[in-house]
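# A structural walkthrough
As a plain string of letters, each chain reads:
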Amino acid sequence: MGLFDLFKKKNSGDVAKDRLKLLLVSDRANCSPDVMELIKNDIINVISKYMIIDTDGLDIQITQTESDSNNGMVPALSANIPIKDMKNRSTK
Amino acid sequence: MSEVIVVTSGKGGVGKTTTSANVGTGLAKLNKKVVLIDTDIGLRNLDVVMGLENRIVYNLVDVVEGNCRIKQALIKDKRYPNLYLLPSAQTRDKTSVTPEQMKKLIDELREEFDYIILDCPAGIEQGFKNAIAGADRALVVTTPEVSAIRDADRIIGLLEANEIKRTDLIVNRIRMDMVKKGDMMSLDDVVDILSINLIGAVPDDENIVISTNNGEPLVGSDALAGKAYMNICKRILGEEVPLLDLSGKSSFWSKLAGLFKKN
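Report on the accompanying structure. (Residues numbered from 1 in each chain as written. Chains lettered and ligands numbered in written order. Predicted model: local features only at pLDDT ≥ 70, side-chain atom pairs only at ≥ 80, totals over all residues. Heavy atoms only, no water.)

## Quick look at the overall build of chain A
Across its full length, chain A carries 2 helices and 4 strands. Across chain A, helices and strands are ordered from the amino to the carboxyl terminus as α-α-β-β-β-β. With 92 residues in all, chain A has 21% of them scored as buried. The contacts in chain A between residues at least 6 apart in sequence include a share of 43% that link residues at least 24 apart. (Helix = DSSP H or I, 4+ residues; strand = E, 2+ residues; numbered from the N terminus. Buried < 20%, exposed > 50% of the residue type's maximum accessible area, 1.4 Å probe, protein only. Contact = heavy atoms within 4.5 Å.)

## Some thoughts on the packing of helix 1 (residues 16-29) of chain B against helix 11 (residues 224-236) of chain B
Residues and elements named next belong to chain B. For the pair helix 1 and helix 11, interaxial distance at closest approach is 9 Å and the crossing angle is 65°. In this structure, the crossing between helix 1 and helix 11 has a hand that is right-handed. Along the contact surface, helix 1 presents Thr18, Thr19, Asn22, Val23, Gly26, Leu27 and Lys29, while helix 11 presents Tyr229, Met230, Ile232, Cys233 and Ile236. For the contact of helix 1 with helix 11, the class distribution of residues is 7 nonpolar, 4 polar and 1 charged. (Axes fitted to C-alpha atoms, helices over the stretch in contact; angles between N-to-C directions. Left-handed = near helix turned anticlockwise from the far one by under 90°. Nonpolar A, V, L, I, M, F, W, Y, C, P; charged D, E, K, R; others polar.)

## Overview of the pattern of salt bridges
Residue and element names in this part refer to chain B. A full pass over the atoms with the stated rule returns 17 salt bridges over all chains. With a closest N to O distance of 3.3 Å, Arg44 and Asp47 form a salt bridge. When the shortest N-O distance is used, the salt bridge between Arg110 and Asp107 registers 3.3 Å. Residue Arg110 and its partner Asp107 are both found in helix 5 (residues 99-110); the two are separated by 3 residues, about one turn of the helix. We classify Arg110 as partly exposed; its relative accessible area is 25%. (Salt bridge = Lys/Arg side-chain N within 4 Å of Asp/Glu carboxyl O.)

## Structural notes on the sheet that holds strand 6 (residues 137-142) of chain B
Residues and elements named next belong to chain B. Here we have 8 strands laid out as an open sheet, ordered 3-4-2-5-1-6-7-8, and mixed in their pairing. Of all the strands in the sheet, the pair left with one neighbour each is strand 3 (75-76) and strand 8 (197-203). The pairing of strand 2 (residues 34-38) with strand 4 (residues 83-86) spans 4 bridges and is parallel. Pairing of Ile37 across the sheet is with Leu86, part of strand 4. Strand contacts of helix 7 (residues 146-161): strand 1 (3-8), strand 6 and strand 7 (166-174), with the helix running at about 170° to strand 6, the strand carrying the most contacts. (Pairing = 2+ DSSP bridges.)

What follows is the structure, encoded as structure tokens:
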């Protein structure tokens, strides 16, 4: 790495990796990033009724999981939702 | 116990044929009885990479259609005692053979050979289906590029759906100098994205071009890619071989020059 590389923008290798990750989400599930965004917003709306969540830290993605039914891997929607606090429903 | 391995990638031009030739030759060098089958009907090339193009009499389609016996179509590689090639047909197309016919052919070959290596055509159509029909395991070849990895991911899904028992990854044409600069995805990046077992990485090595020019597979030579392919062969046989240092020899002076190089 040259001395001047320190001030450069993101490396193209990282750009490639990020693009691929997004691409594969839609490829694997036959589900476009637009749809994922809609799902994400709906999840935020539902969870927000009961909890205060960190919407920036929320991460949903299509992953692979083992299935008991046909002893293979199936796609799964996994969501990682950081909870900040519970809403106190009684004082609403 | 024989094992049938399909070499596949989805995308074309990532090194399926070169990998097939080197893995087949390497396994033969390790005293296994090997037959290489070129399943790319209409665009055969494994014969050229192996340097056996002048010895073709019969081909895969001839065998399947019953124009000749299997033994007549197999070309014996005179450089190695246990290595044979079943060439593909050049003037036919992929529909000349069905997956059922491939399965039957492979089952007959299982009785003769320890390893049957199938060089798969690019794409996911009939040619791919023919190539994977009789396979026990797969080697998925990719390069550290977005397009090749995307196709590899699709292929891995299709192999799973077709109940191929084991799928391993070969990352081809990696350039450690570019990885170090951050301008190429690293082995870890690729494995992380595809999440299958890495069986080997082959550096981008000009010796591969030279060996293809000469029709003599590089495996087992002192060239870095030759060593990498031999390691892959040993891992196929179940040996534990640590990953090769692919960075090559870089001297103190070249590192110093790199430090002061402008963009």
